[in-house]
Each structure stands twice: as C-alpha cells, then as structure tokens.
Amino acid sequence: DGRLEEHLRFWGCEMREMKKTGKTMAEMQIELNMRYDFDRITEAGKDLVAVSGPGKIGMENIGNSCYLASTMQLLFTIPELAAPYLHNAQNIFASAPA
C-alpha cells in the first residue's frame, strides 16, 4: 500500500512516532537458529564405520527416500518380518545389480 502511512493516520496510528517493542517470529527463529548446536543431531566430526550384510538395512538417500529407509529399518527390527529376507540375504545380495 503506497499510502499506508496516510491510511494508518486515519485510525490514529502515527507510523513515524511508533517504536518497536518486540521481536517478530522471523527474528526469534533466526536468533534460535544462530544459537542452536546442529552438530548435536548429526555425525559431524565423528569417525563412522560403514556396515553392510545380513541384518544391516540401508538405502542411499535420493531426496526424501530417508522416510522410506527409516520405515524399513523399523520394520526390520521385527523378527517375523526380517527373517525371510535375512535367511536369503546372500542370494539377494548376489542377484542385486552392482
């Protein structure tokens, strides 16, 4: 609104005399992000050991496939669901494309 100051003055709001008294949500979010230690939720700076083979489930993330990967990891903690795949793991790995 190019005439915002004029419109607000009609309602008794003098923009030039106003003082900011609080933070916007955006300012509070930025402040929080600046203080947050993101390394607490990542593996930054840690020596990781790659694992694979029977009983180890993992997928390469291709965008939002991490949701599918986490679901599969959860399902494979149920012995009845994991057993058929773990029993044939060597055949499955051998037949998978490189």
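A quick note: this is a predicted structure, and the numbers were derived from the prediction, not measured.

**Student:** How would you summarise the overall build of the protein if you had to cite specific residues and measurements?
**Tutor:** Scanning the protein for helices and strands turns up 5 helices and 0 strands. Listed N to C, the secondary structure of the protein is α-α-α-α-α in terms of helices and strands. For 98 residues, the compact-globule estimate of 2.2 N^0.38 gives 13 Å, and the C-alpha radius of gyration of the protein, at 27 Å, exceeds that figure by more than 25%. Sorting the 98 residues of the protein into buried and exposed places 5% on the buried side. When the accessible surface of the protein is summed, it comes to about 9300 Å², and 59% of that surface belongs to carbon and sulfur atoms.

**Student:** A description of the packing of aromatic side chains should follow, citing residues and the corresponding values.
**Tutor:** Following the criterion strictly, the structure yields 2 aromatic pairs and no others. Where phenylalanine 10 meets tryptophan 11, the ring centres are 5.0 Å apart and the plane angle is 90 degrees; that geometry is what we call edge-to-face. As far as burial versus exposure is concerned, phenylalanine 10 and tryptophan 11 are alike and both exposed. Centroid distance phenylalanine 76 to tyrosine 85: 5.5 Å. Interplanar angle 45 degrees. Geometry classified as tilted.

**Student:** Tell me what's going on with a nonpolar patch on the surface, and back it up with residues and numbers.
**Tutor:** On the surface, Leu4, Met15 and Met18 cluster together into a nonpolar patch covering about 270 Å² of accessible area. Structurally, methionine 18 can be placed in the loop between helix H1 (4-10) and helix H2 (25-35). Residue classification places methionine 18 among the exposed positions, given a relative accessible area of 51%.

**Student:** Could you give me a rundown of the pattern of salt bridges, with the residues and numbers involved?
**Tutor:** A complete count under the given rule lists 6 salt bridges for this structure. We note a salt bridge from arginine 35 to glutamate 31, for which the minimum N-O separation is 3.2 Å. With a gap of 4 residues between them, arginine 35 and glutamate 31 both fall in helix H2, about one helical turn apart. Of the residues examined, glutamate 31 reaches a relative accessible area of 35% and is grouped as partly exposed.

**Student:** So, the confidence of the model for the protein: which residues are in play, and what are the values?
**Tutor:** Model confidence for the protein is summarised by a mean pLDDT of 82, while 94% of its residues fall at 70 or above. At the level of individual helices and strands, the protein shows its lowest average pLDDT in helix H5 (residues 89-95), which scores 82, and its highest in H1, which scores 90.

**Student:** Tell me about the environment of alanine 96, and name the residues and values.
**Tutor:** Structurally, the position occupied by alanine 96 is in the segment after H5. Overall, alanine 96 belongs to the partly exposed group, its relative accessible area being 42%. Residues alanine 96 and asparagine 61, spaced 35 residues apart in sequence, show a C-alpha to C-alpha distance of 18 Å.

What counts, and at which threshold
- Residues numbered from 1 in each chain as written.
- Predicted model: local features only at pLDDT ≥ 70, side-chain atom pairs only at ≥ 80, totals over all residues.
- Heavy atoms only, no water.
- Helix = DSSP H or I, 4+ residues; strand = E, 2+ residues; numbered from the N terminus.
- Rg over C-alpha atoms; globule rule 2.2 N^0.38 Å.
- Buried < 20%, exposed > 50% of the residue type's maximum accessible area, 1.4 Å probe, protein only.
- Areas by Shrake-Rupley, 256 points an atom, 1.4 Å probe, with all protein chains shown as cover.
- Phe/Tyr/Trp six-rings, centres within 6.5 Å; stacked < 30°, edge-to-face > 60°.
- Patch = residues over 30% accessible without salt bridge, like charges linked within 9 Å, V, L, I, M, F, W, Y side chains within 5 Å.
- Salt bridge = Lys/Arg side-chain N within 4 Å of Asp/Glu carboxyl O.
- pLDDT = per-residue confidence, 0-100.

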